[in-house]
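# Fold and geometry: a report
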Amino acid sequence: MNRIITVVYIFLIILVVSVLGFRGSKSRKEPLYLFPDMDRQARYEPQGENPFFEDKMDDRLPPQNTIARGNALDRAGVFSSGFDATELTDVAFNTGRDEAGEFLKELPIEVNHELMELGRERYDIFCAVCHDETGDGNGAVKNFAPPTLSSANLLTQLYIDQSEGEIYNTISYGKNTMMGYADKLSPKERWAVVLYVRALQRAANATADDIPEAKRGELGL
Amino acid sequence: MSNIFPEVANKVPRWILFGLTLKVLAIIAGLYYYFTPSYTRAGYQPVQPVSFDHSLHVKQVGLDCRYCHTFVDRSEHSTVPSSNTCMNCHSVVKADSDKLALVRESYQTGESIEWVKIHDTPDYVYFNHAVHVNRGVSCVHCHGQVDEMEEVYHAKSFTMNFCLDCHRNPEEFIRPVDKVYDLQWEPEDPEWEEQAQAFVHDWKVMPPESCSGCHR
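In short, a report on the structure. Chains are numbered independently. Their residues run from 1 in the order of the written sequence. Following the order in which they are written, the chains are lettered starting with A and the ligands numbered starting with 1. In view of the model being predicted, local features appear only for residues whose pLDDT reaches at least 70, and side-chain atom pairs are presented and counted only at 80 or more, with totals across whole chains, interfaces and linings using the full set of residues. To get the side-chain values, take all heavy atoms of the structure and skip hydrogens and water.

### Digging into the interface of chain A and chain B
Reports of interface size often rely on the accessible area that becomes lost once the parts have come together. Note the following rule: Only heavy atoms enter the contact rule, under which two residues are in contact if any of them lie within 4.5 Å. For any pair of parts, buried area is found by adding up, for both, the accessible area (1.4 Å probe) each one loses once the two are put together. Put simply, a salt bridge is a Lys or Arg side-chain nitrogen that is within 4 Å of an Asp or Glu carboxyl oxygen. Polar contact is defined as a pair of N or O atoms within 3.5 Å, subject to the rule that within protein one atom must be able to donate a hydrogen and the other to accept it, and that residues adjacent in sequence are counted only when both atoms are side-chain atoms.
Contact residues are listed per partner, giving 48 residues for chain A and 53 residues for chain B. A combined buried area of about 4600 Å² lies between chain A and chain B, and 54% of that area is made up of carbon and sulfur atoms. Together, Arg 23, Arg 28 and Met 179 of chain A form the three largest contributors to the area buried by chain A at its contact with chain B, with a combined 16%. Along the contact surface separating chain A from chain B lie 7 salt bridges. The interface formed by chain A and chain B holds 27 residue pairs in polar contact (both at pLDDT 80 or more) in total.

### Digging into the nonpolar core
Where we set the bar: Residues belong to a common nonpolar core when they are buried Ala, Val, Leu, Ile, Met, Phe, Trp, Tyr or Cys residues joined through side-chain atoms within 4.5 Å. Classification of residues uses two cut-offs on accessible area relative to the type maximum, computed with a 1.4 Å probe and protein chains only: under 20% is buried, over 50% is exposed, and between them is partly exposed. By convention here, the domain bounds are inherited from an automatic or database domain assignment.
In this structure, Tyr 123, Phe 126, Ile 171, Trp 191, Val 193 and Val 194 of chain A together with Tyr 67 of chain B are the most contacted members of the largest nonpolar core, which totals 37 residues. Viewed by domain, this core spans two of them, domain 2 (54-80 + 119-214) and domain 3 (81-114) of chain B, each represented by three or more residues. Beyond its immediate sequence surroundings of up to four residues, Val 193 of chain A is in contact with Gly 119, Arg 122, Tyr 123, Cys 127, Ile 171 and Leu 185 of chain A. Core analysis: the second largest hydrophobic core is formed by 12 residues, Tyr 44, Val 72, Met 149 and Val 180 of chain B among them.

### Description of the environment of Phe 162 of chain B
Residue and element names in this part refer to chain B. Stated formally: Segments assigned H or I by DSSP are reported as helices when at least four residues long, segments assigned E as strands when at least two residues long, and all are numbered from the N terminus.
Structurally, Phe 162 is set in helix H9 (residues 160-168). Separated by 118 residues in the primary sequence, Phe 162 and Tyr 44 place their C-alpha atoms 17 Å from one another. Those residues in contact with Phe 162 that lie beyond four places of it in its chain are His 141, Cys 142, Lys 156 and Ser 157.

### Description of the pattern of salt bridges
Applying the stated rule across the entire model yields 19 salt bridges over all chains. As a salt-bridge pair, Arg 120 of chain A and Glu 117 of chain A come within 3.3 Å of each other at their nearest N and O atoms. Of this pair, Arg 120 of chain A and Glu 117 of chain A both sit in helix H4 (residues 113-131), 3 residues apart, which is roughly one turn of that helix. In this structure Arg 120 of chain A comes out as partly exposed when scored by relative accessible area, which is 37%. Taking the shortest distance from any N to any O, the salt bridge between Lys 117 of chain B and Asp 120 of chain B comes out at 3.5 Å. Classification of Lys 117 of chain B by relative accessible area gives partly exposed; the value is 46%. Within the structure, one salt-bridge network assembled from shared partners comprises Glu 121, Arg 122 and Glu 189 of chain A together with Asp 64, Arg 66, Asp 73 and Arg 74 of chain B.

Below is the structure:
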């Protein structure tokens with residue numbers, strides 16, 4: 001009797017384990033919700049799906065011919081006098097062109113080490129894949145792209161001579177096979193990348209005179 | 001008076017007690033093992049509409065997580081890339097591949113690709129990606145070695161205990177902010193433990209342990 005019970009017991013355990021399997025084993029099946037209370041609520045999720053709208057998206061664009069609160073071009077009546085609204089209102093800052101529509105010839109933003117580091121970070125994420133971390137255009141994509149196409153070598157005279165505004169414009173809207181990065185980089189980040197590209201250009205064409213005298217010894221100059 | 005019950009009846013209470021104990025133990029063990037997200041969620045590997053290979057894009061191309069999941073460091077939500085992100089390269093690279101047909105179609109029509117969400121916290125949980133990655137919590141802690149996955153699966157349990165393990169001892173999990181997106185990073189510096197504690201202190205890493213920290 002005892003033996004039968006033990007055998008049945010062990011058999012049941014083996015049965016359960018063989019049907020349900022082990023923790024963490026890969027499965028195509030949707031996760032079970034054993035206690036589904038309020039796990040899924042009727043709310044808008046980022047990038048969520050919504051059958052109510054024609055495009056089935058939770059994320060909505062502002063309706064046409066409307067401006068979100070705080071985004072009107074006349075800000076004087078909205079913000080206090082001390083508020084720096086450059087990033088919101090400055091047309092040159094946002095488009096890279098001056099009032100006459102010409103590309104800016106310098107950065108419309110204060111240059112400091114922080115901006116340079118921001119530029120380095122964003123360049124390495126978004127640009128280096130094609131243009132390489134050095135800027136010479138031999139990024140990783142070169143190994144996969146058709147041999148007839150090549151990424152721009154940003155260190156050549158052509159791009160050194162290009163104005164800051166034009167480079168900003170290319171980052172925003174793309175050029176030739178490059179697509180725009182306006183959806184990934186804010187205007188400030190784009191200017192930071194422009195600054196970093198200038199730094200790469202200068203580094204590539206540097207002479208010993210560009211290095212502070214105190215530091216030259218480290219390079220054996 | 002003759003015996004109504006045979007002598008073996010003396011053993012019946014013991015059998016019943018023994019049998020019940022075994023059954024209860026087995027049921028508790030079963031519940032413990034099977035009735036948590038460690039079993040129900042971990043290992044979930046749905047078939048995605050486009051067979052995107054993370055390991056190829058990270059290891060061979062060297063993409064940073066943020067090339068596609070761009071706003072993870074600026075937003076609560078780690079963005080799933082729109083089709084134009086894919087087309088940045090794939091308008092040129094493998095431009096005619098059958099595997100990318102859906103991406104091209106989505107790019108042309110504007111219809112979303114219906115990716116299957118794998119990591120999905122319950123709606124009563126507030127989780128902010130930006131505050132985690134900007135304070136030295138790497139992607140790998142919650143999502144596993146995505147850089148080695150050809151097909152992404154749910155690597156961790158996402159139980160509340162899983163969150164609290166780190167919220168109670170952040171210094172054991174934290175890493176330098178510039179290594180957050182380097183999923184292969186291991187502390188090499190023998191003094192890292194002290195540095196991590198200093199980091200937690202200096203950067204004011206104070207993960208909430210109160211209910212309302214996450215259930216707000």
